[in-house]
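Remarks on the overall topology
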Amino acid sequence: MVEIEIDGRKVEVPAGSMVMHAADKAGIYIPHFCYHKKLSIAANCRMCLVDVEKAPKPIPACATPVSMGMVVRTKSEKAIKAQKAVMEFLLINHPLDCPICDQGGECQLQDLAVGYGGTQSRYQEEKRVVFHKNVGPLISMEEMSRCIHCTRCVRFGQEIAGVMELGMSHRGEHSEIETFVGQTVDSELSGNMIDLCPVGALTSKPFRYAARTWELSRRKSISPHDSTGANLVVQVKGDRVLRVVPLENEAVNECWIADRDRFSYEALSSPERLTQPMIKQGGEWRSVDWQTALEYVAQGLKGVCAQHGAGAIGLLASPHATVEELALARALMDGLGSPNRDHRLRAAAFDAAAPAGTARWLGLPIAELSALDRVLVVGSNLRKDHPLFAQRIRQAARKGAQVSALVEQAPDWALPLYRVALTSFADWVQALAQVAVAVAEARGLTPPAAVQGVQADETARAIAQSLLGGERRAVLLGNAAMHHERAAALLALAQWVAEQTGARWGVLTEAANTVGAQLVGMLPGPGGLNAAQMLRPGALKAAVLLGVEPGLDTAAPASGLAEAELVVTLSPFRTNLDISDVLLPVAPFTETSGSFVNAEGRLQSFQAVVKPLGETRPAWKVLRVLGNVLGLPGFEYTSSQEVLAQVLPGVPHGAFVPAQRLDNRCDAPIDLTPARGAPCVAAIYQLDALVRRAPALQATADGRAGRVRVAEGVSA
């Protein structure tokens, strides 16, 4: 530790820290633009000049290492004069357009100009003008004359997103931030550049001119998309969501969010929003009141039970639904006497489930992904499936971690890969078996009996040697691996390899509440049908779809439900019109309260940020009232918190579920038979109903190219 003095205060910081870090620790603010705690130091704005004793001139606090006994003054006449001089130069070419700037009211330059700017400019020459640029549907670069060349956006692309999409061309006052050869900005994390920009050069294109910042109310929420559970600040005007930005949580999403977390709010105002219950009669849809709709559903379910038995009813639930919604949906099926329920909509096989009452999970805290030394990722398009997990593993790779992959196609994860085992999805089990054999050879062990005849190739041996090195290791199975026909064998092999190499092993769970769905038992009961079986033609006489769009959310097509006598869809959108008989409008995450359990087993609760649209109601309330109409016991809850306390007692917001309820152990037999069909994996902007209806996301390169890849064959 090194002790220095800043403005008369003694501060101890680790050796190698900068003066800026010491000032932060002491609670002393030094004005700055280019410095950001998550980015490398550029020292190009010069706004943080401070007065250091014995230094002949002011020096930048962000790039000056501390030394024992250093004395720093941030408010001396020398420092203030230097900072004001820098501000005068920064404002030379900056347009005076604050009243029409989207950044107005939350602009770092605007704030600091009040304290350090002059009352009038001495600059009489013509200001430079930078031509606007079109870089895609998410980021607006219409007023690049405002840019002060802090290069935060450039460094973010290089260091966090892993793709240098923006760069600085030319020199001096001719410098410009731009893409090259007219390319667009297509990173799945690109929206973070908007937050990083300290001026109004990079702004949100969907939010542009929608509201002034002081008109917005700010409310906390949790992302309903992937399994990170990113913390959000949802900004609202009236009863309409107008913007979503990150809420800093170092343990979960740091200060970043993915673009689908940021821009999916557009779907909340989609013309496809369902605002009234609807019933199909004579092939025509008509709006009805809630009592009529729920009584119709109740009578239909009772009729199917009486005529065909409870086993003819099934429930398909989205893993993006909340813990409370899934718990009540399961209770509804239990009350009716049906064991047919499932959330594993895209799975090709169903023998990899965790022991009853437990859940497959990441296997380690999310924050530890950044500190791994060795990683093997099996069957994942990591960058698109889990953008924020990829960002953390990218940071580990920047520190020297060896990251290996077992995939079908050469991955573009925007990080350096140590070894890549390119293998057809049909042979993933054999490829992972080769790694197991290589580990056994290296350690002088006997490999699992099922793989003893397998010969390891050079790539498998290199991956094995990598996993045997380093201190912190992990073997992670992605969406494609867990949706694979041989998912159980892949998990069993991953467990064996991890145990022999001292690694952690786990699952990069697909959705916001995949772990929570397992914990509340959204899995088939004894003798019950799984998702693939329920979607077979004639399997069900009545189906309840909670946030599910068959064919988009499922491996099997929607046509399997065409023969059902009653199909009830609970969704925020007018969807499943061809197969449904009843549409019940339920609230998206912004209009309801609930909880998600993310990949690391952390429970995070949230409240509604706006009133439900039209006659929309929270899904947990709809299920509760439906249980009451059916006369089922156990549906007396008055709040979602009561439901949560019943199904996950003693777990407060932000806490981990009990460790004994998270279990990745798998004793399934290792079947080396090649798989028959490709695993069904959602593209980045096809993951759920919200992102599919966000126009800006669908206009991106990923949105235009990505669609759900449906498995060629689905086994039950």
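Residues numbered from 1 in each chain as written. Predicted model: local features only at pLDDT ≥ 70, side-chain atom pairs only at ≥ 80, totals over all residues. Heavy atoms only, no water.

For the rest of this paragraph, the subject is the overall build of the protein. Looking only at helices and strands, the protein features 21 helices and 27 strands. Over its C-alpha trace the protein gives a radius of gyration of 28 Å, about what one expects of a compact globule, namely 27 Å for 716 residues. Each of the three principal axes of the protein carries a C-alpha extent, and together these read 90 × 70 × 50 Å. Per-residue burial for the protein yields a buried fraction of 62% across its 716 residues. Carbon and sulfur atoms provide 51% of the accessible area of the protein, an area that totals close to 27300 Å². Across the protein, the mean location of the 71 positive side-chain charges is 4 Å away from that of the 73 negative side-chain charges. (Helix = DSSP H or I, 4+ residues; strand = E, 2+ residues; numbered from the N terminus. Rg over C-alpha atoms; globule rule 2.2 N^0.38 Å. Buried < 20%, exposed > 50% of the residue type's maximum accessible area, 1.4 Å probe, protein only. Areas by Shrake-Rupley, 256 points an atom, 1.4 Å probe, with all protein chains shown as cover. Lys, Arg positive; Asp, Glu negative; His and termini not counted. Charge placed at Lys NZ, Arg CZ, Asp CG, Glu CD.)

Attention shifts here to the UniProt feature "domain: 4Fe-4S Mo/W bis-MGD-type" (unreviewed entry) in the protein. Within this numbering scheme, the UniProt entry marks residues 216-272 as carrying the feature "domain: 4Fe-4S Mo/W bis-MGD-type" (unreviewed entry). Annotated as 9% helix and 35% strand, the span residues 216-272 places its first and last C-alpha atoms 25 Å apart. (UniProt positions renumbered as here; feature names shortened; annotations may be inferred.)

With that settled, consider the domain arrangement of the protein. When the domains of the protein are assigned, the result is domain 1 (2-92), domain 2 (134-269) and domain 3 (366-508). Centre-to-centre separation of domain 2 and domain 3, based on C-alpha positions: 32 Å. Between domain 2 and domain 3, the contact holds 24 residues from the first and 16 residues from the second. A buried area of about 1500 Å², summed over both sides, lies between domain 2 and domain 3, and 49% of it is on carbon and sulfur atoms. Three residues stand out in domain 2 for area buried against domain 3, namely Glu159, Glu188 and Thr228, and they jointly supply 30% of the buried area on that side. At the junction of domain 2 with domain 3, the criterion picks out three salt bridges. With a closest N to O distance of 3.8 Å, Glu254 and Arg392 form a salt bridge. (Domains from an automatic or database assignment. Contact = heavy atoms within 4.5 Å. Buried area = accessible area lost by both parts, 1.4 Å probe. Salt bridge = Lys/Arg side-chain N within 4 Å of Asp/Glu carboxyl O.)

The next subject is the packing of aromatic side chains. All told, the structure shown has two aromatic pairs when counted by the stated rule. For the ring pair Phe596 and Phe606, a centre distance of 5.1 Å and an interplane angle of 35° mean the geometry is tilted. Of the two residues, Phe596 is situated in strand E26 (residues 594-597) and Phe606 in strand E27 (residues 603-606); the sequence distance between them amounts to ten residues. Residues Phe596 and Phe606 agree in their burial class; the two are buried. Across the ring face of Phe207, the terminal group of Arg243 is positioned such that the distance to the ring centre comes to 4.4 Å. Lying across the ring of Phe573, Arg693 places its NZ or CZ 4.4 Å from the centre. (Phe/Tyr/Trp six-rings, centres within 6.5 Å; stacked < 30°, edge-to-face > 60°. Lys NZ or Arg CZ within 6 Å of the ring centre and 35° of its normal.)

Quick look at the nonpolar core now. Core analysis: the biggest nonpolar cluster contains 76 residues, and Phe33, Met47, Ile139, Phe156, Leu166, Leu202 and Val241 have the highest contact counts within it. Considering every element that reaches this core, the biggest residue donor is helix H4 (residues 152-161), with five residues. The residue makeup of this core includes at least three contributed by each of domain 1 (2-92) and domain 2 (134-269). Those residues in contact with Phe156 that lie beyond four places of it in its chain are Leu39, Ala161, Gly162, Leu189, Asn192, Met193, Leu196 and Trp256. Grouped together as the second largest cluster of nonpolar side chains are 55 residues, Ala317, Val323, Leu336 and Leu623 included. (Core = buried A, V, L, I, M, F, W, Y, C linked by side-chain atoms within 4.5 Å.)

Across the interface, helix H7 (residues 290-308) lies against helix H17 (residues 619-629) with an axial gap of 9 Å and an inter-helix angle of 60°. By the criterion of interaxial angle, the relationship of H7 to H17 is oblique. Crossing geometry of H7 relative to H17 is assigned as right-handed. Here H7 contributes Trp290, Leu294, Glu295, Val297, Ala298 and Lys302 to the contact with H17, which in turn contributes Val622, Val625, Leu626 and Val629. Taken together, the residues of the contact of H7 with H17 sort by class into eight nonpolar, no polar and two charged. (Axes fitted to C-alpha atoms, helices over the stretch in contact; angles between N-to-C directions. Parallel < 35°, antiparallel > 145°, perpendicular 65-115°, else oblique. Left-handed = near helix turned anticlockwise from the far one by under 90°. Nonpolar A, V, L, I, M, F, W, Y, C, P; charged D, E, K, R; others polar.)

This next bit is on the UniProt feature "domain: 4Fe-4S His(Cys)3-ligated-type" (unreviewed entry) in the protein. Using the residue numbers shown here, the UniProt feature "domain: 4Fe-4S His(Cys)3-ligated-type" (unreviewed entry) corresponds to residues 78-117. Taken end to end, residues 78-117 comprises 55% helix and 0% strand; its first and last C-alpha atoms sit 16 Å apart.

The next point concerns the packing of H4 against helix H10 (residues 387-398). It is at 9 Å that the axes of H4 and H10 come closest, and there the two elements cross at 85°. As far as their axial angle goes, H10 and H4 are roughly perpendicular. For the pair H4 and H10, contact is made by Gln158, Glu159, Ile160 and Ala161 and by Gln391, Arg394, Gln395 and Arg398, respectively. For the contact of H4 with H10, the per-class residue count stands at two nonpolar, three polar and three charged.

Take the side chain of Ser270 next. Within the secondary structure, Ser270 sits in the loop between helix H6 (259-263) and strand E14 (278-281). Here the side chain of Ser270 touches Glu272 through a polar contact of 3.0 Å, landing on its backbone nitrogen. Setting aside anything within four residues of it in sequence, one finds Ser270 in contact with Phe573 and Arg693. (Polar contact = N/O pair within 3.5 Å; in protein donor to acceptor, adjacent residues only side chain to side chain.)

Glancing now at helix H8 (residues 323-336). With 14 residues, H8 extends 20 Å from end C-alpha to end C-alpha; this agrees with the ideal 20 Å at 1.5 Å per step. Across the 14 residues of H8, ten count as buried, placing the element largely inside the fold. Every buried residue of H8 is listed here: Val323, Glu324, Glu325, Leu326, Ala327, Leu328, Ala329, Leu332, Met333 and Leu336. Looking one or two residues beyond H8, the residue adopting positive phi is Gly337, at roughly 90°. (Expected span 1.5 Å × (residues − 1).)

Residues Val582 and Leu584 point to one face of strand E25 (residues 582-585) and Leu583 and Pro585 to the other, with burial holding for every one of them. Summarising the sheet, E14 and E25 pair through two bridges and their orientation is antiparallel. Each residue of the ladder has a partner; that of Met278, found in E25, is Leu583. Direction of pairing for strand E24 (residues 566-571) relative to E25: parallel, over a ladder of four bridges. Within E25, the position partnered with Val568 by the bridge is Val582. (Pairing = 2+ DSSP bridges.)

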